[in-house]
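# Residue-level structure breakdown
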Amino acid sequence: MLFRSFESYDIEIRDIDRSNGDTQEIIFTIDGIGGIGYVDWFETLNIGDLCNITSSIKPPEDFDNFNYVRYLKNKNIYLKASNIQINSCDYKFKLRNLSDSFIWLKRNLRIFREYLSSKIESYLPEPQVSLLIGVLFGSERAFSDSFEESLRISGTTHIIAASGYNVTILILVSNKIFSFIKKKYRLILSLVLIWLYCILSGLGASILRATVMGTLTIVSLLFGNVKNIHLLMPLGVFFLMLIDPKILFDIGFQLSILATLGLIYVLPSTGNLLKKTLKIKGVPQFIEDNLLGTISCTLSTLPISISIFGKISIVSIFSNILVLPLTETTMLYGSIAVLGSFFNNNSLSTILFSIPFVQLKLFEYIVNFFGGLKWGYLDIDKTWFGILIGV
């Protein structure tokens, strides 16, 4: 198909994200070719919509030493639309293949998430409302530029997006809540909860991968031997690559794998090192879950973070240690508050939402404190880093 500078096109919207506060990022197809573009935030769009647009559509280009073309290609995106004007949109469900059913499910899940989000918006101010929606549903929301920068410097952006971090938190929370029942049933409940979370968050690629990895860990524990993960891990990766071979080159997938490997291999080593250094018999569970777990994931993902982004957050370990236990309880009390809002009792909902509000206020303070440290982020020369790895 020949793409001109500014023409009318018929597209099908495949996914939508909020970006930069005043725009929405849309993933679309045009004659079967994947594309990406941005529209005004006030445009009422949904997944599966068939829209007629006027836009300039061209192949994407690299920028700022970042291989943007390869990044999009790994997501099966080959076009970039600019100056998009929405002329008309319509939705007609047609069951032509399995992909259509998946789009229908994602569309209705997004409608349900928006409904739940509207309830939270009725009781919390910004940025607490967007933080809670991010923690509970993994939906990307708009923050002020200064708070976005603080999240990036403090290394806490993963907390408010559907990622492996949220899956790990959910497993920890469910194990603590249901600690009074047998381990086997706790693990089964954790398995059910992470898949419900995956579905509710919209079945995005990143959360789906993280849920598969979490499932492998839980299954290995169900069979009574954590060593099974050494076999299940490569099998899981192989299974995901069969579905989408390009996933191997996806940065999110690489980070997810390395973080999981960090918990499997690096965490025990850091625990043993701490015991030998302090000459103690065992590491307290709180220290292992928060301090050592954070250090293990940070160290294991460090090569990718530096080689791809050329930056490293010096304070991320400290900020995440403080935020992790806070996020666990926020997920719990935030869920209770959302469920309580269905009783249509304003006084009850106000009381229930006051708990996550205080927690998220503290979260905001931690993020702003570490994000305000001018030395919190370090630029790394990727050339020297490559030489160091080679040595």
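First, a word on what this report is: a plain description of the structure on this page. (Residues numbered from 1 in each chain as written. Predicted model: local features only at pLDDT ≥ 70, side-chain atom pairs only at ≥ 80, totals over all residues. Heavy atoms only, no water.)

Right, let's get into the pattern of salt bridges. Under the counting rule described, the total for this entry stands at 5 salt bridges. For Glu149, the salt bridge is made with Arg152, and the minimal N-O distance between the two is 2.4 Å. Residue Glu149 and its partner Arg152 are both found in helix 4 (residues 145–154); the two are separated by 3 residues, about one turn of the helix. You can call Glu149 partly exposed: its relative accessible area is 34%. (Salt bridge = Lys/Arg side-chain N within 4 Å of Asp/Glu carboxyl O. Helix = DSSP H or I, 4+ residues; strand = E, 2+ residues; numbered from the N terminus. Buried < 20%, exposed > 50% of the residue type's maximum accessible area, 1.4 Å probe, protein only.)

This part takes up the packing of aromatic side chains. For the coordinates displayed, the defined rule picks out 5 aromatic pairs. Its end group placed over the ring of Tyr91, Arg107 keeps NZ or CZ at 3.7 Å from the ring centre. Over the ring of Phe342 we find Lys119, and its NZ or CZ is 4.9 Å from the ring centre. (Phe/Tyr/Trp six-rings, centres within 6.5 Å; stacked < 30°, edge-to-face > 60°. Lys NZ or Arg CZ within 6 Å of the ring centre and 35° of its normal.)

Moving on, we come to the packing of helix 3 (residues 128–137) against helix 11 (residues 316–340). Two quantities define a packed helix pair, namely the angle between the axes and the distance from one axis to the other. Where helix 3 meets helix 11, the closest approach of the two axes is 10 Å, and the angle between their N-to-C directions is 95°. When the axes of helix 3 and helix 11 are compared, the pair comes out roughly perpendicular. Facing Leu132, Val135 and Leu136 of helix 3, the residues of helix 11 in contact are Thr327, Thr330, Met331, Gly334, Ser335 and Val338. Residue composition of the contact of helix 3 with helix 11, by class: 5 nonpolar, 4 polar and no charged. (Axes fitted to C-alpha atoms, helices over the stretch in contact; angles between N-to-C directions. Parallel < 35°, antiparallel > 145°, perpendicular 65-115°, else oblique. Contact = heavy atoms within 4.5 Å. Nonpolar A, V, L, I, M, F, W, Y, C, P; charged D, E, K, R; others polar.)

For the bond from Glu126 to Pro127, the omega torsion is 0°, close enough to zero to count as cis. Within the chain, Asp31 stands out as a residue other than glycine whose phi angle is a positive 55°. Mapping Asp31 onto the fold places it in the loop between strand 2 (23–30) and strand 3 (33–40). Asp31 sits in the exposed class, given a relative accessible area of 60%. Positive phi, normally seen in glycine, also occurs at Asn76, with a value near 60°. Tracing the backbone through its elements, the reader meets Asn76 in the loop between helix 1 (68–73) and strand 5 (79–90). In this structure Asn76 comes out as partly exposed when scored by relative accessible area, which is 38%.

Considered as a void within the structure, the second largest pocket measures approximately 560 Å³ in volume. Lining the second largest pocket are 21 residues, with Leu136, Leu170, Leu193, Met331 and Ser335 positioned closest to its centre. For the lining of the second largest pocket, the elements supplying multiple residues, two or more each, are helix 2 (98–121), helix 3, helix 5 (164–177), helix 6 (183–200) and helix 11. Tallying contributions element by element places helix 11 first for the lining of the second largest pocket, with 6 residues. Residues belonging to the lining of the second largest pocket are distributed by class as follows: 19 nonpolar, 2 polar and no charged. (1 Å grid on protein atoms, 1.4 Å probe; cavity = no way out; pocket = protein on both sides within 12 Å on 5 of 7 lines; lining within 4 Å. Points joined across faces, edges and corners; volume = space filled by probe spheres on them.)

What follows is about the environment of Leu326. With respect to the helices, strands and loops of the structure, Leu326 is situated in helix 11. Residue Leu326 is classed as buried on the basis of its relative accessible area of 14%. Taking the C-alpha atoms as reference points, Leu326 and Gln359, 33 residues apart in sequence, are found 6.7 Å from one another. Apart from the residues lying within four places of it in its own chain, the contact partners of Leu326 are Gln359, Leu362, Phe363 and Ile366.

Take Asn46: it is sitting in the loop between strand 3 and strand 4 (50–58). Contact partners of Asn46, with chain neighbours within four places excluded, come to Ile13, Ile16, Arg107, Arg110 and Ile111.

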